[in-house]
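Spelled out from the first residue to the last, the chains are:
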Amino acid sequence: MSPSRLLLGVSAGVLLFLSLPMIAVIWLSFSPTELLSFPPSGLSLRWYADFFVSDRWVMATRNSLLVGGATMAVATLLGTAAALGLHLGQFRGRALLLALLTLPMVTPFIVTAASMFFAFSLVGLAGTLPGLVLGHTVVAVPFVLVSVLASLATFDATLLRAASSLGATPWMAFRRVLLPRIWPGVAAGAVFAFATSLDEFVITLFLAGPGQFTLPRQMYANVREYMTPTILAAASLLFAVSVLLLLLTEALRRR
Amino acid sequence: MTDRELSETLPRTRAALAAWDGQGLPPETAFAALAQEAASALEERRIGALAQRLNFERSGLRALLLRTARAHDRLTAPYSESLPALDARWSDPEIWRLLQRAAGPTTSLYLLRALDLTRTAEGEFRRVDPEQAVFVTLFLRTLWVSVVVTGACLLLGWPVAACIAALRPPWSSVALLLVLMPFWSSVLVRSTAWFALLQREGPVNDLLILLGIVDAPLQLVGTRVAVLLSTIHILLPVAILPMVGVMTRLDRRHLLAAASLGAGPWLRFRRVWLPLSLPGILAGGAMTFLLAVGFYITPALLGGEKDQLVAWFIAQFLNRDVNWGMAAALSAYLLAMAGAVVALLRVLTGGTPTGARI
């Protein structure tokens, strides 16, 4: 059955509402003047140039990529290991463990952030770069876990036994038999982890030290100070990266 | 919650008060211990945490404690006479009972205060003074905003999800991509976008004037309308995606069967579509609500003083007031609200909103 005209009309309206704000902001970021009104009087790359020569923004970009990369590495490692253990292991309490590991997904971010601030202050991790990476990892791991578990659902565990009966070590069986079959899930999880860290703001607000400005933190600080089109350029760049990462996971999902 | 300031700063006072039965005034040892320990704590600069802790329970106690600590050189034994001579409040048994209760190791002070309650010296619950009673209003406001946002997201999201499920490829993928793109971009980016759009000289005001709805630009940033509008916009994909997941897996023959049995569109919707897509609606609603109750950035950027939710107060207590007890108490209640929603969803559908399966 094809959707009725009414349904199509309403949906188109809602989708327009969803898309228009970002389209407007991207357009405004190319404005040649500081005015934020429509339509911009022309097109210019002035604010992008401003972004890339400003020390603060370049530093924030560097920090974001650093924290994102480290979070991706740690979260992918931990999340994949946890997924393998949950899927292949036979032990009591697996459902409970899964619930605990995915808890950060259903906990309000502010609560996760506040709890980590308390815990990290006790052990001296608050305000440090490793603490920030660890904080981002906590919220990124569930995404890796869910993604890898989904790809494991179609994996036949008897293949691993076949490999070991042919004399393969566990590591060899993992690398030559398991990984080639589940890598799209692992890679998608890694992208998820990177994207989560790149966009994360609330945890950063509590855990980052005074000098550690990530892109979202720099944006927030600037918006509150003075709204310039440079912020919109930064927002557009972050949005573009998010869309690229989304397309990447979609491509991985199809494999 | 833990309550260690008094026992860490005034250990001997705590010991002396522990032996006191709470009747009349405490023994001279308590007076003496307090006078000496307060003075040494002030000298070693570690009195601040306790002063703040006590002042939070009853305003004025910070001043009393500091005054007593500074006056140590002038105080002479017996302290049970010189302390009340310095400040008459030291002859009030209730102050001493308050100190006795603050000995820890745990206190219900913060959890009660987060509900606008306090305990009298006799241990009875009492509402705090109206000018301090902000938290019940705060929780009700958070609940109200979350319910409105969740309702609006479901109402707006349902047709989109139904449409995506019914469209043929590649149109279904295109529509899904339009939902996924905002879903993947950060909350801060989208809040910033709304902040720019809702400026006085911004595009939304331009549009309103162009359409003749208003004559002069409106102040939109800093209003409840701005918070609701942007929060709905930001959480809409969160509501849509679980519904799409459920609806694409639905067996469409049920609808055909209903139609062949003579059911009209409204009846088909109400008796077939709605019940079948209910798990998706519940999961989408739960996820939206969970995110809405903890929303921080969007109200902080786009709302005024009176539009802030629980999350903002947690951040304020942590970063500005350094009152970790209150931050933890509010977090605990927020977590309880989230837990209740997850538990409710489990009971209704037997699954969690994350949809993770082993």
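The rules behind each value
Residues numbered from 1 in each chain as written. Chains lettered and ligands numbered in written order. Predicted model: local features only at pLDDT ≥ 70, side-chain atom pairs only at ≥ 80, totals over all residues. Heavy atoms only, no water. Helix = DSSP H or I, 4+ residues; strand = E, 2+ residues; numbered from the N terminus. Rg over C-alpha atoms; globule rule 2.2 N^0.38 Å. Buried < 20%, exposed > 50% of the residue type's maximum accessible area, 1.4 Å probe, protein only. Contact = heavy atoms within 4.5 Å. Areas by Shrake-Rupley, 256 points an atom, 1.4 Å probe, with all protein chains shown as cover. Lys, Arg positive; Asp, Glu negative; His and termini not counted. Charge placed at Lys NZ, Arg CZ, Asp CG, Glu CD. Disulfide = S-S within 2.5 Å. Expected span 1.5 Å × (residues − 1). Bend = angle between axes of the 7 residues up to and from the residue. Polar contact = N/O pair within 3.5 Å; in protein donor to acceptor, adjacent residues only side chain to side chain. Buried area = accessible area lost by both parts, 1.4 Å probe. Salt bridge = Lys/Arg side-chain N within 4 Å of Asp/Glu carboxyl O. Nonpolar A, V, L, I, M, F, W, Y, C, P; charged D, E, K, R; others polar. Core = buried A, V, L, I, M, F, W, Y, C linked by side-chain atoms within 4.5 Å. Domains from an automatic or database assignment. UniProt positions renumbered as here; feature names shortened; annotations may be inferred. pLDDT = per-residue confidence, 0-100.

### Notes on the overall build of chain B
Phase 1: Scanning chain B for helices and strands turns up 18 helices and two strands.
Phase 2: Whereas a compact globule of 358 residues would reach a radius of gyration of roughly 21 Å, chain B reaches 29 Å, over 25% beyond that.
Phase 3: In terms of overall dimensions, chain B has C-alpha extents of about 95 × 50 × 35 Å along its principal axes.
Phase 4: For chain B, the residues scored as buried account for 52% of the 358 residues in total.
Phase 5: Pairs at least 24 residues apart make up 67% of the contacts formed inside chain B by residues separated by at least 6 positions.
Phase 6: As displayed, chain B has an accessible area near 16,500 Å², and 61% of this comes from carbon and sulfur atoms.
Phase 7: For chain B, the centre of its 33 positive side-chain charges and the centre of its 26 negative side-chain charges are spaced 14 Å apart.

### Remarks on the state of the cysteines
Phase 1: Across all of its chains, the model carries zero disulfides over all chains by this definition.
Phase 2: Of all cysteine sulfurs, the one in Cys163(B) lies closest to Cys153(B), which takes part in no disulfide; the gap is 18 Å.

### What to know about helix α7 (residues 129-152) of chain A
Residues and elements named next belong to chain A.
Phase 1: Given a rise of 1.5 Å per residue, 24 residues ought to cover 34 Å, and the 33 Å separating the end C-alpha atoms of α7 matches this to within 8%.
Phase 2: If you look at α7, its biggest bend is around 35°, right at Val 139, and the proline Pro 142 turns up within four residues after that.
Phase 3: Burial analysis of α7 places 17 of its 24 residues in the buried class, which makes it a mostly covered element.
Phase 4: Two or three places before Gly 131, at the opening of α7, Thr 128 has a side-chain oxygen 3.1 Å from that residue's backbone nitrogen.

### Focus: the interface of chain B and chain A
Phase 1: At the interface, 66 residues of chain B touch 65 residues of chain A.
Phase 2: The contact between chain B and chain A buries some 5,600 Å² in all, and 83% of this surface belongs to carbon and sulfur atoms.
Phase 3: One can count zero salt bridges joining chain B with chain A.
Phase 4: Considering each element in turn, the side of chain B that touches chain A owes the most residues, nine residues, to helix α11 (residues 187-197) of chain B.
Phase 5: Residue classes in the side of chain B that touches chain A are distributed as 51 nonpolar, ten polar and five charged.

### Thoughts on the nonpolar core
Phase 1: Residues Ile110(A), Met219(A), Met247(B), Tyr296(B) and Leu330(B) are the most contacted members of the largest nonpolar core, which totals 135 residues.
Phase 2: Take this core: its biggest share by element is 15 residues, from helix α9 (residues 135-166) of chain B.
Phase 3: Each residue touching Met247(B), except ones within four places of it in the same chain, is listed here: Trp158(B), Ala161(B), Ala162(B), Ala165(B), Arg252(B), Trp273(B) and Ser277(B).
Phase 4: In this structure, Leu65(B), Leu66(B), Leu75(B) and Ala103(B) belong to the second largest nonpolar core, which totals 33 residues.

### So, the domain arrangement of chain A
Residues and elements named next belong to chain A.
Phase 1: Splitting chain A by domain gives domain 1 (1-44) and domain 2 (51-254).
Phase 2: Computed over C-alpha atoms, the centres of domain 1 and domain 2 are 30 Å apart.
Phase 3: Contacts between the two partners involve eight residues from domain 1, matched on the other side by eight residues from domain 2.
Phase 4: Here domain 1 packs against domain 2, burying approximately 710 Å² in sum over the two surfaces, 77% of which is carbon and sulfur.
Phase 5: On inspection of domain 1 and its partner domain 2, the count reaches zero salt bridges.

### Brief notes about the UniProt feature "domain: ABC transmembrane type-1" (unreviewed entry) in chain B
Phase 1: The feature "domain: ABC transmembrane type-1" (unreviewed entry), as given by UniProt, occupies residues 139-345 of chain B in the numbering adopted here.
Phase 2: Note that residues 139-345 of chain B is 78% helix and 0% strand, and that its end C-alpha atoms are spaced 21 Å apart.

### Examining the confidence of the model for chain B
Phase 1: Here chain B averages 79 in pLDDT, and 94% of its residues register 70 or above.
Phase 2: Helix α13 (residues 224-248) of chain B holds the highest mean pLDDT among the elements of chain B, 88, whereas strand β2 (residues 125-127) of chain B holds the lowest, 71.

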